[in-house]
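Examination of the molecular architecture
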Amino acid sequence: MGGLADLGINLPVLVAQIVNVAILLGLLYLVAYRPVMRMLDERSRRVKESMAQAESIKEQAAHAEEEVKKQLEAASREGQGKITRAVQTGEEVKQKAQEEARQATETLLTRARHEIQRERDEAIEEVRKEVADLTIMVAGKVIDRSLDKKAHRQLIDRVLEESTRRKKK
Amino acid sequence: MPKRGYFGVSFYVVVGFLAVFFVLLVTGFVIGPLGRSLFGDLGLPAWLIVPRPVPELPAEVVFHLFGFPVTNSIIGAWLTMLFLVVFAYVITRRMKIVPGRLQSAFESLLGWLYHLCQRVAGEENGRRFFPVVATIFLFVAFNAWLSLIPGFGSIMVTTADGHHVHLLRGANTDINMPLALALISFVFVEYFGLQSLGFHYLGKFLNIGQFLRSIGQIVRGRVRDGMIGMFTGLIHIFVGCLEALSEFIRIVSFTFRLFGNMTAGEILLLITAFLVPWVFAIPFYGLELLVGFVQALIFGGLTLVFLTLAVVHHGEQGAGD
């Protein structure tokens, strides 16, 4: 044991140091490791919790955003639909107005045409009557004898009718 | 704000500081034993001459407590313990979730060790090993650093029987402390190994299963298989012996690694301070700070690795199969 004693190995001191380290281990366990480990666990738990919270908040936000987007889309679609419908209605109204105007014009035109026809017919009739009277008068003058006005009239009417019929054919 | 600054002070302060440092260095060299041997004795006053250091391997006994020798290294260990426990107590007395500066420094040191344990040994085992590893680390590191405080080794006391001895000594420079740490490490390794694996843990050292099986084979007449099996069994037994031996060699290597490094550091500082007094030793102090940390990390880390190895199941080597 001479060599070991020269190095300084000494049983009582060795035992004392082992006891010292054991005491240190125990004391440090009480005042350092246990509280620090608890603190580290607590902190990591909190961090994990807040991470989860942040995650859920993020998810919620994404959800809300999606919702908003969806609503916007729906609103936009609705608006578009309304506009389309309005345009359609406008178009219809326009067409109807045009149609009505056209019809009114047509009616007016037709009526005018009828009127004109009637006026012309009347005028022709008038002229024809005038001519007949004149003819009778002239003929009376020529023959110098007043024919029976009524017989004469019939005669002229017949002639005229014939001529009209012939013309129509 | 100075126009040219180095290390946060003005240029002239730095130059002045370097000049003082250089003067101290040269003076120290001249009045030291190296200078005296070169230039001869310059007739300097005696108080400037540093006495020749007398490193002693065995720790000196300062006093006896109930017949029990209390060496200066034990006092050093007590001082380290006191420092660590009081420091830890002051910090952890009022722990806050959002830590202050001191608390966060202490927590980050312990947290670093804690996560190191968990990385090496896994979540569950890391938690179990952490106190052992951290105690070894903290003790080795702080003991080394405390003994670097100037004045630590220069307090002299007179013992009851008239010797002048140092009051304090870094506990790790006395071989009893490294040996104690190594034994504690050894005990914890065996304890955790037995606790985790039970009887199987011993099978690593007493690996006779294969040998016995091959004897059985020979008895049943399968001599050729038996002989080959017996050879393998002998190798297993030999490997088991090596495993057992290595457990004890670990104690020796643990002890002498720490003891050697710490003692060498101490002696290095003594010698540099003796050869060239004053400022020359400053870089070596820095070196010793690093050495203290590295040795603590090695001791703690190796203990952690051995603990981890001890609780790993050696399925194919176990005695049961």
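Residues numbered from 1 in each chain as written. Chains lettered and ligands numbered in written order. Predicted model: local features only at pLDDT ≥ 70, side-chain atom pairs only at ≥ 80, totals over all residues. Heavy atoms only, no water.

1. Points about the nonpolar core
- Grouped together as the largest cluster of nonpolar side chains are 64 residues, with contacts concentrated most on Leu28 and Tyr33 of chain A together with Leu110, Phe130 and Leu181 of chain B.
- Contributions of two or more residues to this core are made by helix H2 (11–143) of chain A together with helix H3 (72–93), helix H4 (101–121), helix H5 (123–146), helix H6 (176–197), helix H9 (223–275) and helix H10 (282–311) of chain B.
- In terms of residue count, H5 of chain B provides more of this core than any other element does, 13 residues in total.
- Dropping the residues within four chain positions of it, Phe130 of chain B is found in contact with Tyr33 and Met37 of chain A together with Leu110, Leu113, Tyr114 and Cys117 of chain B.
- Val13 of chain A together with Ile74, Ile75 and Leu168 of chain B belong to the second-largest nonpolar core, a separate cluster that totals 9 residues. (Core = buried A, V, L, I, M, F, W, Y, C linked by side-chain atoms within 4.5 Å. Buried < 20%, exposed > 50% of the residue type's maximum accessible area, 1.4 Å probe, protein only. Helix = DSSP H or I, 4+ residues; strand = E, 2+ residues; numbered from the N terminus. Contact = heavy atoms within 4.5 Å.)

2. Here's the deal with the interface of chain A and chain B
- On the chain B side, the residues contacting the 33 residues of chain A number 46 residues.
- Across the interface of chain A and chain B, roughly 3,400 Å² is buried in total on both sides, 79% from carbon and sulfur atoms.
- Viewed at the interface, chain B and chain A are joined by 2 salt bridges.
- Of the charged contacts in the structure, one is a salt bridge between Arg43 of chain A and Glu107 of chain B, with a shortest N-O distance of 2.7 Å.
- Applying the counting criterion to the chain A and chain B interface returns 5 residue pairs in polar contact (both at pLDDT 80 or more).
- For the side of chain A that touches chain B, the elements supplying multiple residues, two or more each, are helix H1 (2–7) and H2 of chain A.
- With 27 residues, the top contributor of residues to the side of chain A that touches chain B is H2 of chain A.
- Of the residues contributing to the side of chain A that touches chain B, the split by class is 24 nonpolar, 4 polar and 5 charged. (Buried area = accessible area lost by both parts, 1.4 Å probe. Salt bridge = Lys/Arg side-chain N within 4 Å of Asp/Glu carboxyl O. Polar contact = N/O pair within 3.5 Å; in protein donor to acceptor, adjacent residues only side chain to side chain. Nonpolar A, V, L, I, M, F, W, Y, C, P; charged D, E, K, R; others polar.)

3. Things to note about the pattern of salt bridges
Residue and element names in this part refer to chain A.
- Within the structure shown, the criterion is met by 12 salt bridges over all chains.
- Across the salt bridge formed by Arg45 and Glu42, the nearest N and O atoms sit 3.3 Å from each other. With a gap of 3 residues between them, Arg45 and Glu42 both fall in helix H2, about one helical turn apart.
- For Glu42, a relative accessible area of 23% gives the class partly exposed.
- The closest approach of N and O atoms between Glu161 and Arg165, which form a salt bridge, is 3.8 Å.

4. A short note on helix H1 (residues 11–31) of chain B
Residue and element names in this part refer to chain B.
- The first and last C-alpha atoms of H1 sit 30 Å apart over 21 residues, in line with the 30 Å expected at 1.5 Å per residue.
- What H1 keeps buried is the set Val14, Gly28 and Ile31. Projection of H1 onto a plane perpendicular to its axis shows the buried side chains occupying an angular sector of 140°, all on one side. Among the exposed residues of H1, those oriented more than 90 degrees off its buried face are Tyr12, Leu18, Phe22 and Val23. (Expected span 1.5 Å × (residues − 1). Arc of directions from axis to C-beta.)

5. As for the packing of H5 of chain B against H6 of chain B
All names here are of chain B.
- Two elements in contact, H5 and H6, have axes separated by 11 Å at closest approach and are oriented at 175°. Relative to H6, the element H5 is oriented roughly antiparallel. Note on element contacts: H6 touches H5 through Met177, Leu181, Ser185, Phe188, Phe192, Gln195 and Ser196, opposite Arg128, Phe129, Val132, Ile136, Phe139 and Val140.
- Tallied by class, the residues present in the contact of H5 with H6 amount to 9 nonpolar, 3 polar and 1 charged. (Axes fitted to C-alpha atoms, helices over the stretch in contact; angles between N-to-C directions. Parallel < 35°, antiparallel > 145°, perpendicular 65-115°, else oblique.)

6. Quick look at the packing of aromatic side chains
Residues and elements named next belong to chain B.
- This structure, assessed with the given rule, holds 16 aromatic pairs over all chains.
- With a centroid separation of 6.4 Å and an interplanar angle of 80°, the aromatic rings of Phe256 and Phe259 are classed as edge-to-face. Taken together, the residues span about one helical turn, with Phe256 and Phe259 both in helix H9 at a distance of 3 residues.
- The structure contains a cluster of three or more aromatic residues connected by ring pairs, namely Phe83, Phe87, Phe106, Phe142 and Trp145.
- The aromatic ring of Phe306 is capped on one face by Arg250, whose charged end is 3.7 Å from the ring centroid. (Phe/Tyr/Trp six-rings, centres within 6.5 Å; stacked < 30°, edge-to-face > 60°. Lys NZ or Arg CZ within 6 Å of the ring centre and 35° of its normal.)

7. With respect to empty space enclosed by the protein
Residue and element names in this part refer to chain B.
- One pass over the full model with this rule turns up 3 cavities of 30 Å³ or more.
- By volume, the largest cavity is sized at about 110 Å³.
- Along its surface, the largest cavity is lined by 13 residues, and Ala144, Ser147, Met262, Glu266 and Glu288 are the ones closest to its centre.
- Ranked by residues supplied to the lining of the largest cavity, first place goes to H9 with 4 residues.
- For the lining of the largest cavity, the residue count by class is 4 nonpolar, 7 polar and 2 charged. (1 Å grid on protein atoms, 1.4 Å probe; cavity = no way out; pocket = protein on both sides within 12 Å on 5 of 7 lines; lining within 4 Å. Points joined across faces, edges and corners; volume = space filled by probe spheres on them.)

8. Here's the deal with the pairing of strand S3 (residues 61–65) of chain B
- Across 4 bridges, S3 of chain B lies against strand S4 (residues 68–71) of chain B in antiparallel orientation. Paired with Val61 of chain B across the strands is Thr71 of chain B, a residue of S4 of chain B. (Pairing = 2+ DSSP bridges.)

9. Topic: the side chain of Gln103 of chain B
- Within the fold, Gln103 of chain B resides in helix H4.
- Polar contacts involving the side chain of Gln103 of chain B include one to the side chain of Glu107 of chain B, which spans 2.5 Å.
- Excluding residues that lie within four positions of it along the chain, Gln103 of chain B makes contacts with Met39 and Arg43 of chain A together with Ile91, Arg94, Met95 and Lys96 of chain B.

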